[in-house]
Amino acid sequence: MPHAFKDRIAAYTARVNAGLDAALPLATRNPQRLHDAMRYAVLNGGKRVRPLLVYAAGECLSVEPELLDTPAVAIELIHAFSLVHDDLPAMDDDDLRRGKPTVHKQYDEATAILAADALQPLAFLVLANVDGAPDGAAIELVRLITAACGSIGMTGGQSIDLAAEGTALSTDELEHMYALKTGALIHASIVSACFLSNNLPAGNAAALDRFGRSIGIAFQIKDDILDVEGETEVIGKPAGSDASLNKATYPALFGVAASRARCDELLAEALDDLSQIGASAAPLEWLARYIVERGQ
Ligand code: GRG
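As the structure is a computational prediction, the values presented were derived from the model and not from experiment.

Enquirer: Lay out the overall build of the chain with the relevant residues and their values.
Expert: Helix and strand counts for the chain come out as 15 helices and two strands. Long-range pairs, those at least 24 residues apart, make up 73% of the contacts in the chain with a sequence separation of at least 6. Taken as a whole, the chain presents about 12700 Å² of accessible surface, with 53% of it coming from carbon and sulfur. Put simply, the chain has 24 plus and 40 minus side-chain charges, and the middle of one group is 3 Å from the middle of the other.

See below:
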C-alpha cells in the first residue's frame, strides 16, 4: 500500500456510510416514523471505528473491500442498535449521543425500542446476503457476530455493567465485563476479515484473535477516561455521566493514572501480536494507537 492507513480513512468512512444508507429502508417507506428513526440512529455521525477495523484487518489479509463491506455494514448496524438501547431511560438514560439528541429524545421511547429492534435483524439480513465470499463464510460471520451480541457478548456485558453500579469489582471482573460489553464487537470486527480470506496463515489468525481481545478492552478503558476528562461538546455525549450513575469503571475503581497505564500495557500487548504478522499489519497498528490516543 503506497499511503498510510490514515489517508484512506475518509474513503473507507464514505464507503461504509454508502453501504449503511443503501441497507436502511428509505424514510419515505411505511412505517415512516420507524424508518426515519432507524436512519437517524445510524446516519447521525459516529467515528465508524468498527468498520475501519474491518477494512484494516482486511488490508492486512489482502481481502477485497467489496467483501469487507458486508461485515463493516452489519457490525455498524449492531453497534448503532446497542447505542439506542444503552441510552434508554431503563439503561443509562442519556439525552445526548454523537452531539445530537438520543433517539428516544428525538422521537419517543417506543419508537427508539422498535428502531433498535429492527436494526438488529437488518444486520443479519446484510450478512446473509454476502456475495462472492469463500464457501461457508456467511454462516461463520453469523456465528461470530451473533456470539458477540448475545449473553456471552455485548448483552451479557451490559447486564453485568448495570448490576455492577455502585459496587467494587476486581480488575479481572471489570475487564471481563469490558471484554463482553465493548470488546466482543471490536474483536468480531477484526476477526470477521479472517473468514473472508482465501489464504490465511494460522499464525496470523491467532495473532489477530489476541490483538482483537486486547484492543477491545483498551477501547472501553479509553472511553472511561474520556468520560472523566473529556468535554461534552467534544465527546458528543454527557461528560461525567459514568460518575453520576455510579458506574463501575476503571478510573472510578483504580484512578485515571492506573487506567492510562493499563491502556498503554494493552496497546503494547496488541502491537506485539501485530509484530508477528509483519508489515501488512500497519493499518491495524495505526488504528490501535488511535484507539488509545483519541480525543473523542
Ligand atoms: C444485543 C446489540 C445488543 C445490545 C443490547 C445495550 C446493550 C445490550 C449493550 C450496550 C453496549 C454498549 C453501548 C457498550 C459501550 C460501547 C462503547 C464504548 C460505545 C461508544 O463507541 P464509539 O466511541 O461511538 O465507537 P461512536 O458514536 O463513535 O460510534
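Enquirer: If you had to explain the packing of helix H3 (residues 49-60) against helix H9 (residues 171-195) to someone new, which residues and values would you point to?
Expert: Helices that pack against each other are described as a pair by the angle of their axes relative to one another and the distance between those axes. Viewed as axis vectors pointing N to C, H3 and H9 meet at an angle of 30 degrees, and their least axial separation amounts to 7 Å. Classified by the angle their axes make, H3 and H9 are roughly parallel. Crossing of H3 over H9 shows right-handed handedness. Contacts between H3 and H9 involve Arg 50, Leu 53, Val 54, Ala 57 and Gly 58 on the former and, on the latter, Leu 185, Ile 186, Ser 189, Ile 190, Ser 192 and Ala 193. Tallied by class, residues from the contact of H3 with H9 come to seven nonpolar, three polar and one charged.

Enquirer: If you had to explain the packing of aromatic side chains to someone new, which residues and values would you point to?
Expert: Tallied over the full model, the rule gives six aromatic pairs. Taken together, the ring pairs connect Phe 5, Tyr 12, Tyr 55, Trp 286 and Tyr 290 into an aromatic cluster. Sitting above the plane of the Phe 219 ring, Arg 50 keeps its charged end 5.1 Å from the centroid. When the ring centre of Phe 219 is taken as reference, the NZ or CZ atom of Arg 294 above it lies at 4.0 Å.

Enquirer: Any details on the site of the ligand? Residues and values, ideally.
Expert: If you check the shell around the ligand, you find 21 residues, and the closest are Lys 47, Arg 50, His 79, Arg 98 and Thr 155. Contacts to the ligand include His 79, whose side-chain N or O atom sits 2.7 Å from an oxygen atom. Contact between the ligand and Arg 98: an oxygen atom at 2.8 Å from a side-chain N or O atom of the residue. Notes on the ligand: free accessible area 750 Å², of which the protein chains cover 93%. Listed by contribution, the elements that provide at least two residues to the shell around the ligand are helix H4 (65-87), helix H8 (154-163), H9 and helix H10 (202-229).

Enquirer: How would you summarise the environment of Ala 133 if you had to cite specific residues and measurements?
Expert: With respect to the element layout, Ala 133 can be found in the loop between helix H6 (109-128) and helix H7 (137-149). A sequence separation of 114 residues divides Ala 133 from Gly 19, and the C-alpha atoms of the two residues are 17 Å apart. Ignoring anything within four residues of it in the chain, the contact list for Ala 133 reads Leu 67 and Leu 196.

The rules behind the values
- Residues numbered from 1 in each chain as written.
- Predicted model: local features only at pLDDT ≥ 70, side-chain atom pairs only at ≥ 80, totals over all residues.
- Heavy atoms only, no water.
- Helix = DSSP H or I, 4+ residues; strand = E, 2+ residues; numbered from the N terminus.
- Contact = heavy atoms within 4.5 Å.
- Areas by Shrake-Rupley, 256 points an atom, 1.4 Å probe, with all protein chains shown as cover.
- Lys, Arg positive; Asp, Glu negative; His and termini not counted.
- Charge placed at Lys NZ, Arg CZ, Asp CG, Glu CD.
- Axes fitted to C-alpha atoms, helices over the stretch in contact; angles between N-to-C directions.
- Parallel < 35°, antiparallel > 145°, perpendicular 65-115°, else oblique.
- Left-handed = near helix turned anticlockwise from the far one by under 90°.
- Nonpolar A, V, L, I, M, F, W, Y, C, P; charged D, E, K, R; others polar.
- Phe/Tyr/Trp six-rings, centres within 6.5 Å; stacked < 30°, edge-to-face > 60°.
- Lys NZ or Arg CZ within 6 Å of the ring centre and 35° of its normal.
- Near = heavy atom within 4 Å.
- Polar contact = N/O pair within 3.5 Å; in protein donor to acceptor, adjacent residues only side chain to side chain.

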